[in-house]
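Structural characterization, general
What follows is the residue order along each chain.
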Amino acid sequence: MRTIVETGLPDIGQPFSWATRSGGMLFTAHGPVRPDGSIETGPAEKQIALTFDNLAQTLRAANSHSDNVLQVIIYLTDVNDVRLLDEIYKRYFNYPYPNRSTVIVDKLVVPGMKIEITVSAAA
């Protein structure tokens, strides 16, 4: 049975939970969602940092930490943002880093949105 983690992130009107926990695992997905529920569509640096800020908030709400993250799947719309992503990523994760996959996609659900992530962590 899954348990919902109350993250404090805004309701964005879609049928999903920000984070669920079951069997000692935490599952969560994030994008550049502002506190008011709108999507940041500005510079990649701002979008990437906001996405990982939202993840950090979720981990804190789940009484967890980035060191418990086992896998991160990242969807980017521009391959040229990978170097920037790597720089920002190192601010949120310590070595040894979680398993990671970075996928370059044509577009995401909101026009101008450059990043979305899914994360699995030990709860």
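Analysis parameters
- Residues numbered from 1 in each chain as written.
- Predicted model: local features only at pLDDT ≥ 70, side-chain atom pairs only at ≥ 80, totals over all residues.
- Heavy atoms only, no water.
- Phe/Tyr/Trp six-rings, centres within 6.5 Å; stacked < 30°, edge-to-face > 60°.
- Helix = DSSP H or I, 4+ residues; strand = E, 2+ residues; numbered from the N terminus.
- Buried < 20%, exposed > 50% of the residue type's maximum accessible area, 1.4 Å probe, protein only.
- Lys NZ or Arg CZ within 6 Å of the ring centre and 35° of its normal.
- Arc of directions from axis to C-beta.
- Contact = heavy atoms within 4.5 Å.

**Digging into the packing of aromatic side chains**
Evaluation of the coordinates by the stated rule reveals 7 aromatic pairs. Measuring from ring centre to ring centre gives 6.1 Å for Phe52 and Phe93, while their planes differ by 90 degrees; the resulting arrangement is edge-to-face. Taken together, the positions of Phe52 in helix H1 (residues 44–61) and Phe93 in the loop between helix H2 (82–92) and strand S5 (99–104) put the pair 41 residues apart, joining distant regions of the chain. Each of the two residues, Phe52 as well as Phe93, counts as buried. Taken together, a centroid distance of 6.3 Å and an interplanar angle of 50 degrees make the contact between Tyr89 and Tyr97 tilted. Members of the aromatic cluster, joined through ring pairs, are Phe52, Tyr89, Tyr92, Phe93, Tyr95 and Tyr97. Of note, Arg100 hangs over the ring of Tyr89, and the distance from its end group to the ring centre comes to 4.6 Å.

**Considering H2**
Listing the buried residues of H2 in full gives Leu85, Ile88, Tyr89 and Tyr92. Buried residues along H2 cover an arc of 110 degrees about the axis, so they all sit on one side. Turned more than 90 degrees off the buried face of H2, the exposed positions are Arg83, Lys90 and Arg91. Those residues of H2 that are buried lie in contact with H1, strand S4 (69–76), S5 and strand S6 (115–122).

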